[in-house]
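Per-entry structural report
Given next are the chains, with one letter for each unit.
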Amino acid sequence: MRAILSRAPVGIAVIDHGGHYISVNPTYAEIYGYAADDMLGQSFLMVFPEDARDAVLARHQDFLDNGGHLGGEWAVVRRDGARLTVWSSSVSFPSGRGKPDRLVYVLDITEHKKAQEQERIAATVYQTTSEAILVVDAESRVISVNPAFTRLTGWSQAEVEGRDPDMFRSDRHDQAFYDEISLTVESEGFWAGELWDQRKSGEYYLRETTITVVKDAFGKIKNYVIVFSDITARKSAEDIIRWQANYDSVTGLPNRHLFTDRLAEGARQANETGRTMALLMIDLDRFKEINDTLGHSVGDRLLAKVSARLQECERPGDTIARVGGDEFALILNGVSDIAEIEAAARDVLKRFEAPVTIDYEQMFVTASIGISLYPGDTQSLEELFRNADQALYAAKAFGRNCLHFFTPALQRAANVRMRLANDLRQAITERQFVVHYQPVVDLKTGRIAKAEALVRWQHPTRGLVSPGTFIPLAEETGLIVPLGDWVARQAIAQVARCRAVYAADFQMAINQSPTQFRNSAFSGLGWVGELARHGLTGSAICLEITEGLLLNAEPQIMSNLIAFRDAGIEIAIDDFGTGYSSLAYLRRFDIDTLKVDRSFVAELDGAGLDICEAIIVMAHRLGLQVVAEGVETAQQRDILKSIGCDYAQGYLFAPALPPAAFEAMLAKQDKAPESETETGADHRAASAE
Ligand code: C2E
Ligand code: MG
Ligand code: MG
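Our subject in this report is the structure included herewith. (Residues numbered from 1 in each chain as written. Chains lettered and ligands numbered in written order. Predicted model: local features only at pLDDT ≥ 70, side-chain atom pairs only at ≥ 80, totals over all residues. Heavy atoms only, no water.)

Details of the coordination of the magnesium ion (ligand 3)
Protein coordination at the magnesium ion (ligand 3) comes from D574 (OD), D575 (OD), E629 (OE) and E629 (OE), with a distance range of 2.0 to 2.6 Å. Coordination of the magnesium ion (ligand 3) draws on donor residues from a single chain, spaced D-D-x53-E in sequence. A spacing of 4.0 Å is found between the magnesium ion (ligand 3) and the magnesium ion (ligand 2), which share D574 as a donor. A residue pair is termed long-range when its members are at least 10 positions apart, and D575 in strand β23 (residues 570-576) and E629 in the loop between β25 (625-628) and α25 (634-642) qualify at 54 residues. By relative accessible area, which is 8% here, E629 ends up buried. (Donors = N, O, S within 2.8 Å, 3.2 Å for Na, K, Ca; no water. Helix = DSSP H or I, 4+ residues; strand = E, 2+ residues; numbered from the N terminus. Buried < 20%, exposed > 50% of the residue type's maximum accessible area, 1.4 Å probe, protein only.)

This is the structure we're talking about:
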């Protein structure tokens, strides 16, 4: 019995009626931190906290006197003062001394109690936390969800238990996204991140999620614990805050803050690529008046409408921002020349031409633009801003609704162009243009067989402006399209008269600018109808284009060329030999005529001869006719004739003549004997040039 007692894993003690230990086993003493001998004869109250002792002794004696139950959990104190929880069970035991003793079994359940408490806390947290918790087993089946999960997703424990958490997935992520998560969880035992799921109602929500792997004692995966919260609202609040920090609420455009970032980015790009960044400060003229008279709400709506128009000017990579009350800024990146900037600025001004309608009321607003270039004007962004502002001020002073460059030289050039461009616009409506005709002579017969229509500008104050000056300007401003159309219609009417009174196969050459061909507003096909109206076929006219046009033939150009071809209209290459030419192009585009540039004709007594001869031979092989330009002497004419050139054009025969003088020349030729075409000298005097 003694051996059993001494080895029992339970504390066992015998206590007499008075509460003294009669006997304790080693486990009992050990629980309380004493040696067994130190306990014998002592009161068992030694293991109880002082304030509990009287009550405990009374219960002990009551149990021994009257029976009943004495056991359960007790809070006791170990020798070193540590608090323990023990569980005990007592029986009474005849002692042979009259009153019975008590035999007590004791177990130290302190650790167990602590763990229990932890579990209780954990359970409370699980039940009450606002974070949704989902516990999944190793086979990916839902074991348990907490109330927050149900609140957040709409799914109850019963509905999801045993199912795969895949069921919550939304279509906002692809399989690869989920595979990536699984991989991380497997390899690292943990994943944290944001993902979109769907609630039971189908509503999408963004959750911030952690997934933790729980393993058993053998390292085998037992559970996945998924904890998450709904951050949809927080996210959208963050988005709003970010938006407000960078964008203007009235117009939706980038604000000054974002604009400054973009400007710095643009400067970085300019440094890297070596190209120019242009800063255009755009200020609405007299906006304050509108604001003051019609109120701020109308002012705001006007700004919003204006911004929408400005945004139409934005090319990819550009930034249009609102940098002040009625001040906008446009950053143009990767600019290659001034004309490009001017065109962009004019495009902006043009957006203001149409009135803005607010509450059925039409308002006309104009803008002024100040322009400064990086790094051309300055290397400092602050200075760039100041420059543009200064230029803007100059534009305002200049009379508003215009643009102004910061650099004086650029500005002067812009002024001249601007004035001419303005005049050009008027010139079309006021019919200041005239078309002159330069005869083209058939070298075999010596007769005038064709003519070239050359436009002239009779400027009211500047006199005759050369096409070399205003054609490029008309190209830049897009006015080339209406101008070219007008010239063509004049030329068609003229060739109709020539065919009627002079020669039935007379042909008129009409110059075409490449930009005209590229312009989407180009409607050269209207000329086919115009020809028909005059009872003419396509071959009555020949369009002169340049080599460069074929070199960069975009679909638009190709389709125009093909359409002209189908209408029987001929095509000539003007100034042949001065640009990049390719024989392949001549074939592919089915060209009819080459016009040898006058620089070769001028050198016919030298290097020009071989070149002219080569061009003629080649052209004839390809079935093309050749016109020599700028023939000024009889000698040049004779050489050209001897090397097989088909036609010649130049001051030797006549300069471009006003219609009346041109018709008179044709009439005179009809009467004159053939080969008498050297009448240029007379006509040069008669011509308006
Ligand atoms: P182009 O088509 O090469 O026209 C020939 C130019 O040479 C004309 O100059 C003509 O007056 C000039 N010329 C004629 N014979 C002689 C000569 O013997 N010696 C010299 N030195 N020059 C001669 P213009 O009229 O000043 O025209 C210049 C250019 O302007 C034209 O070159 C053409 O490219 C363009 N152009 C003229 N009219 C129009 C038009 O209606 N539309 C378009 N797009 N361009 C036009
Ligand atoms: Mg020409
Ligand atoms: Mg030419």
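Still to come is the rest of the account.
Topic: the site of ligand 1
Near ligand 1 you find 22 residues, and of these Q438, R456, D574, R598 and E632 are the closest. One of the side-chain nitrogen or oxygen atoms of Q438 is found 2.8 Å away from a nitrogen atom of ligand 1. V455 is positioned such that a nitrogen or oxygen atom in its backbone is 3.2 Å from a nitrogen atom of ligand 1. Bound to the protein, ligand 1 loses 82% of the 790 Å² it would expose on its own. (Near = heavy atom within 4 Å. Polar contact = N/O pair within 3.5 Å; in protein donor to acceptor, adjacent residues only side chain to side chain. Areas by Shrake-Rupley, 256 points an atom, 1.4 Å probe, with all protein chains shown as cover.)

Here we look at the pairing of strand β24 (residues 593-596)
The side-chain alternation of β24 yields two buried faces, one formed by T593 and K595 and the other by L594 and V596. Relative to β24, β23 is paired through three bridges, and the arrangement is parallel. Directly across from I573, in β24, lies its bridge partner L594. In this sheet, β25 lies alongside β24 in parallel orientation, the contact comprising four bridges. Across the sheet, the residue bridging to K595 is V627, located in β25. (Pairing = 2+ DSSP bridges.)

Points about the environment of L279
Within the element layout of this structure, L279 appears in strand β11 (residues 276-284). Each C-alpha atom of the pair L279 and L381 lies 9.8 Å from the other, and the pair is 102 residues apart in sequence. Not counting the four nearest positions on each side in its chain, L279 is found in contact with F259, L263, A329, L330, I331, G370, I371, S372, L384, F385 and A388. (Contact = heavy atoms within 4.5 Å.)

Points about the environment of F600
Mapped onto the elements, F600 comes out in helix α23 (residues 598-602). In this structure, the C-alpha to C-alpha distance between F600 and V617, residues 17 residues apart in sequence, is 15 Å. If we ignore the near neighbours within four places in the chain, the residues touching F600 are F576, G577, G608, I611 and C612.

With respect to the coordination of the magnesium ion (ligand 2)
The coordination sphere of the magnesium ion (ligand 2) contains the protein donors E452 (OE), N511 (OD1), E544 (OE) and D574 (OD), at a distance range of 2.0 to 2.2 Å. Sequence spacing of the donors to the magnesium ion (ligand 2): E-x58-N-x32-E-x29-D.

Quick look at the packing of aromatic side chains
Within this structure, the stated rule accounts for 18 aromatic pairs. Note on Y502 and F506: the rings are 5.7 Å apart at their centroids and 80 degrees apart in plane angle, and the pair reads as edge-to-face. Here Y502 and F506 have matching classes, each one buried. Here the aromatic residues F149, W155, F168 and F228 are joined through ring pairs into a cluster of three or more. For R169, the ring lying beneath its charged end belongs to Y178, and the centroid distance is 3.8 Å. One residue, R172, lies across the ring of W196, its end atom 4.4 Å from the ring centre. (Phe/Tyr/Trp six-rings, centres within 6.5 Å; stacked < 30°, edge-to-face > 60°. Lys NZ or Arg CZ within 6 Å of the ring centre and 35° of its normal.)

Side note on the pattern of salt bridges
Pairs can form between side chains of opposite charge once their charged atoms are near each other. For the structure on display, the rule yields 36 salt bridges. Among the ionic pairs, K396 bridges to D285, the shortest N-O distance being 3.0 Å. Remark: D285 occurs in the loop between β11 and α11 (287-294) and K396 occurs in helix α14 (residues 381-397); sequence separation between them is 111 residues. Each member of the pair, K396 as well as D285, carries the same accessibility label: buried. A salt bridge links R489 to E530, with the shortest nitrogen-to-oxygen separation between them at 2.9 Å. Residue R489 is located in helix α17 (residues 480-501), and its partner E530 is located in helix α19 (residues 526-533); the two are separated by 41 residues in the primary sequence. (Salt bridge = Lys/Arg side-chain N within 4 Å of Asp/Glu carboxyl O.)

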